Amino acid sequence: MSATTPTPSSSSAKPVQPQQTITLEAADIVVVVIYFIFVLVVGIWASVRANRKTVGGYFLAGRSMTWWPIGASLMSSNVGSGLFIGLAGTGAAGGLAVGGFEWNASWVLVALGWVFVPVYISAGVVTMPEYLRKRFGGQRIRIYMSVLSLILYIFTKISSDIFSGALFIKVSLGWDLYLSTVVLLVVTAVYTIAGGLAAVIYTDALQTVIMVVGAFILMFIAFDRVGWYEGLLERYPLAVPSLKVANTSCHLPRADAFSLLRHPLTGDLPWPGLLFGLTVLATWCWCTDQVIVQRSLSARSLSHAKGGSVLGGYLKLLPMFFIVMPGMISRALFPDEVGCVDPAECQRICGATVGCSNMAYPKLVVELMPVGLRGLMMAVMLAALMSSLTSIFNSSSTLFTMDIWQRARPRASEGELMVVGRVFILILVVLSIMWIPVIQTANSGQLFDYIQSVTSFLAPPITAVFLMAIFWPRVNEQGAFWGLMIGLAVGSVRMVMEFVYSVPSCGQEDLRPALLAKVHYLYFALILLAVSSLVIAVVSLATPAIPEEHLYRLTWWSRHSQKPRLDFPDPWHSEPNSDPTVTPDPTVTPDPTVTNDPSQGPVRVSWWRRAVLWLCGVSGTGSDSAPGVDRSADAKLTSIQERALWRNVCNVNALLLLTANVFLWGYFA
């Protein structure tokens, strides 16, 4: 789950027996089955047509993607099932302000297309840790970034999306949590493993359409039921549960529920934190996180990457209307269930003592959707879960293969890298399935309550390093490394405190230290960014600068430079990165996973082995090419030149997007 996605905040525990479950009619089942078939057909089509046999083809879709699937994939990679459950739940509990998480993304997406991607493309990188290695040299930053990213993916993004999707299926259908999640993961993994990034992006584009259509249908039904926006303004403030906790005001909806910008000290989402602190987390999520940036790097040109960013920015304007507001409508229609505050009653309704606001979206589906459309909403939730999981699986395998496996085996052949990337996805699937019992028994809900704030403890140092690496050539490896380490230490202190001191329930006294109770996590993100930046600057200025010849096309100021760059020596490869004519070493033992030995001629391979080799993108004949992306073939793809017409089209659309964004902020402020 992304930094710009609120996690289930009020109730994150395993539901007991839901009060009502959907009885799927034949029409619903037909819709779900058609959806699954459609997704598999699109995935297989993309797999077959994709260039799956090179690292650049598998991990960057051969750098051939156009703007519209990139934009749709940016949206669906970020909008997991956790966003439907968490955003609607937080909207039910606290009102509109959480929609600012989504609207903030439009600005940062423009920064991605206009500031970050030009530098990444001209640098010619596949992963974000690879960019840091080229920019700073050395290995320790690259290893730290790769390991930290994988840990964040497995224990926040993957686990929270699976939890939220499973919660929806269990509350809605009463299906067995384990079985439904295993089926989802297996179907998801099949086309991710087979097709690489191209399959992921095309299926994401399909699922974005399904997601938006289904969510809009439910939105219109919900608004019709509540009396449109005027009815919501009247009924939400009155959505008080019949059972209350004595001498408290927990049961009352917030007085500022319909305001985006809230009091800087007493607000649950203070406006300086929402505008500035959230931007720190959003910059990490949208501009430096492998899952998102990998989509933009697959663009066939810089103009297509910019177009994808603009489309993604427009799409991110929508969740306020089709997720947050329906969450508020759910509380207005079902105050006793969604707005419950009495711990015993909440335990009876949804199995969590701290509240049941996470039921908001599933409850709407159960109560409002007619036959056939229920199946569509099931497909929407499956689309949300699967699209975010496929994105994380593909990006995690990229990180592991390019940044960790090549560390262990610097002479690994391209065929070996293809196999390792696929096998690592299988390992992730197994880890995810093993994580389900942990999620089921996490009755305290702490893990999921804290995912958003965990991001604010770990992401700001990374944001600081990337911003300063791109804009300040004086930053060196020592400064970046110690900025990351000090930032990690400071963030870890706050994170440990978060887990030690739990948030008090309604009516309980807040005994947490002032650092927790008084400093909002969005403010803490700003403080941590400042501390990390200060350390980076001081250490960099106190140590030798990086010579200019190492920095051509690695900073904003040198992105158009045509001078030959002297890359730092890379001990992960047997030859320097800068040599585009790397040839395989004849002394290297042939890769046992590949049944091709040119000296012996073509080898007859059994049908099942041919199928496995096809799945792994390795042909049964011919020799392996050199590891890494084929730099000679991709030389033109490191170009950031644009045709004047399309550059201007992108610029105008970006201005229109930001104008619409400012209008919405102002209207709902």
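Residues numbered from 1 in each chain as written. Predicted model: local features only at pLDDT ≥ 70, side-chain atom pairs only at ≥ 80, totals over all residues. Heavy atoms only, no water.

## Things to note about the overall build of the protein chain
The number of helices and strands found in the protein chain is 25 helices and 0 strands. The 669 residues of the protein chain split such that 61% are buried. Taking as baseline every contact in the protein chain between residues at least 6 positions apart, the subset at least 24 positions apart corresponds to 85%. Of the roughly 24900 Å² that the protein chain leaves accessible, carbon and sulfur atoms contribute 67%. (Helix = DSSP H or I, 4+ residues; strand = E, 2+ residues; numbered from the N terminus. Buried < 20%, exposed > 50% of the residue type's maximum accessible area, 1.4 Å probe, protein only. Contact = heavy atoms within 4.5 Å. Areas by Shrake-Rupley, 256 points an atom, 1.4 Å probe, with all protein chains shown as cover.)

## Considerations on the nonpolar core
Counting 157 residues, the largest nonpolar core has Phe84, Tyr120, Tyr131, Phe136, Trp286 and Tyr361 as its most contacted members. A per-element tally of this core places helix α5 (residues 100–123) first, with 15 residues. (Core = buried A, V, L, I, M, F, W, Y, C linked by side-chain atoms within 4.5 Å.)

## Brief notes about the state of the cysteines
Under the defined criterion, the tally for this structure stands at 0 disulfides. Cysteine 287 provides the cysteine sulfur closest to cysteine 285, a residue in no disulfide bond, and the two sulfurs are 8.7 Å apart. (Disulfide = S-S within 2.5 Å.)

## Quick notes on the pattern of salt bridges
On inspection of all chains with the given rule, the structure shows 7 salt bridges. Between lysine 134 and aspartate 567 there is a salt bridge, with its nearest N and O atoms 3.5 Å apart. Separated by 433 residues along the polypeptide, lysine 134 in helix α6 (residues 128–136) and aspartate 567 in the loop between α23 (521–542) and α24 (607–615) bring together distant segments of the chain. Residue classification places aspartate 567 among the buried residues on the basis of a relative accessible area of 14%. The shortest N-O distance in the salt bridge between arginine 565 and aspartate 567 comes to 2.7 Å. (Salt bridge = Lys/Arg side-chain N within 4 Å of Asp/Glu carboxyl O.)

## Some thoughts on the side chain of threonine 288
Within the secondary structure layout, threonine 288 lies in helix α10 (residues 271–288). Polar contacts involving the side chain of threonine 288 include one to the main-chain carbonyl oxygen of tryptophan 284, which spans 2.9 Å. (Polar contact = N/O pair within 3.5 Å; in protein donor to acceptor, adjacent residues only side chain to side chain.)

## Let's talk about a nonpolar patch on the surface
Taken together, Val423, Ile427, Val430, Leu431 and Met434 make up a surface patch of nonpolar side chains, about 430 Å² in accessible area. Along the chain, leucine 431 falls in helix α18 (residues 414–440). (Patch = residues over 30% accessible without salt bridge, like charges linked within 9 Å, V, L, I, M, F, W, Y side chains within 5 Å.)

## Some thoughts on the packing of aromatic side chains
With the rule as written, the count across this model stands at 23 aromatic pairs. Taking 6.2 Å as the distance between ring centres and 90° as the angle between the ring planes, the aromatic pair formed by tyrosine 229 and phenylalanine 258 counts as edge-to-face. Note that tyrosine 229 is positioned in helix α9 (residues 228–235) and phenylalanine 258 in the loop between α9 and α10, a separation of 29 residues in sequence. Judged by relative accessible area, tyrosine 229 falls into the partly exposed class, the value being 23%. In this structure an aromatic cluster arises from ring pairing among Trp103, Tyr229, Tyr236, Phe258, Phe321, Phe663, Trp665, Tyr667 and Phe668. Over the ring of phenylalanine 334 we find lysine 363, and its NZ or CZ is 5.5 Å from the ring centre. Across the ring face of tryptophan 556, the terminal group of arginine 559 is positioned such that the distance to the ring centre comes to 3.5 Å. (Phe/Tyr/Trp six-rings, centres within 6.5 Å; stacked < 30°, edge-to-face > 60°. Lys NZ or Arg CZ within 6 Å of the ring centre and 35° of its normal.)

## Let's talk about unusual backbone geometry
Its identity is not glycine, yet tryptophan 228 carries a phi of approximately 60°, on the positive side. The backbone of arginine 553 sits at a positive phi, close to 65°, despite the residue not being glycine. Among the structural elements, arginine 553 can be located in the loop between α23 and α24.

## Some thoughts on the packing of α9 against helix α13 (residues 319–333)
Their axes nearest at 10 Å, the elements α9 and α13 cross at an angle of 55°. Judged by the inter-axis angle, α9 sits oblique to α13. Where α9 crosses over α13, the two elements pack in a sense that is left-handed. Along the contact surface, α9 presents Tyr229, Leu232 and Arg235, while α13 presents Met325, Met328, Ile329, Ala332 and Leu333. Here the residues of the contact of α9 with α13 sort into 7 nonpolar, no polar and 1 charged. (Axes fitted to C-alpha atoms, helices over the stretch in contact; angles between N-to-C directions. Parallel < 35°, antiparallel > 145°, perpendicular 65-115°, else oblique. Left-handed = near helix turned anticlockwise from the far one by under 90°. Nonpolar A, V, L, I, M, F, W, Y, C, P; charged D, E, K, R; others polar.)

## Here's the deal with the side chain of arginine 262
With respect to the helices and strands, the residue arginine 262 is situated in the loop between α9 and α10. Of the residues examined, arginine 262 reaches a relative accessible area of 2% and is grouped as buried. Among the polar contacts listed, one links the side chain of arginine 262 to the backbone oxygen of glycine 94, at a separation of 2.7 Å. Here arginine 262 is in contact with Gly94, Gly95, Leu96, Ala97, Arg254, Asp256, Ala257, Gly267, Asp268, Leu269, Pro270 and Trp271, once residues within four sequence places are set aside.

## Structural notes on the environment of methionine 128
Inspection of the secondary structure puts methionine 128 in helix α6. Judged by relative accessible area, methionine 128 falls into the buried class, the value being 1%. As for methionine 128 and threonine 288, which are separated by 160 residues in sequence, their C-alpha atoms are 6.6 Å apart. Not counting the four nearest positions on each side in its chain, methionine 128 is found in contact with Tyr120, Thr288, Asp289, Gln290, Val293, Leu297 and Phe466.

## A word on the packing of α10 against α23
Here α10 crosses α23 at 55°, and the two axes come no closer than 8 Å. Comparing their axes, α23 and α10 come out oblique. As for how α10 packs across α23, the hand of that crossing is left-handed. Facing α10, whose interface residues are Pro272, Gly273, Leu274, Phe276, Gly277, Leu278, Val280 and Leu281, α23 presents Leu522, Tyr523, Ala525, Leu526 and Leu529. Of the residues in the contact of α10 with α23, the class split is 11 nonpolar, 2 polar and no charged.

## Re the environment of proline 264
Looking at the secondary structure, you find proline 264 in the loop between α9 and α10. Sequence separation between proline 264 and histidine 520 is 256 residues, and the spatial gap between their C-alpha atoms is 9.8 Å. Contact partners of proline 264, with chain neighbours within four places excluded, come to Pro270, Trp271, Pro272 and Tyr523.

## Structural notes on α6
Summarising burial for α6: 9 of the 9 residues are buried, a large majority. Two residues or fewer past α6, glycine 137 is found with a positive phi of approximately 75°.

## Observations regarding the environment of phenylalanine 216
As for its position among the elements, phenylalanine 216 is in helix α8 (residues 177–226). Here phenylalanine 216 falls in the partly exposed class, since its relative accessible area comes to 23%. Sequence separation between phenylalanine 216 and leucine 318 is 102 residues, and the spatial gap between their C-alpha atoms is 9.3 Å. Ignoring anything within four residues of it in the chain, the contact list for phenylalanine 216 reads Leu318 and Phe322.

## Notes on helix α16 (residues 360–368)
With 8 of its 9 residues buried, α16 lies for the most part within the structure. Those residues of α16 lying buried are Ala360, Tyr361, Pro362, Lys363, Leu364, Val365, Val366 and Leu368.

## Concerning the confidence of the model for the protein chain
Of all residues in the protein chain, 72% attain a pLDDT of 70 or more, and the chain-wide mean is 75. When pLDDT is averaged over each helix and strand of the protein chain, the minimum, 45, is found for helix α19 (residues 446–449) and the maximum, 93, for α23. Segment residues 442–448: pLDDT under 50, and 17 contacts once partners within four positions in sequence are set aside and those in other chains are kept. Within the model, pLDDT remains below 50 along residues 618–634, and this stretch shows 42 contacts once partners closer than five positions in the same chain are excluded. (pLDDT = per-residue confidence, 0-100.)

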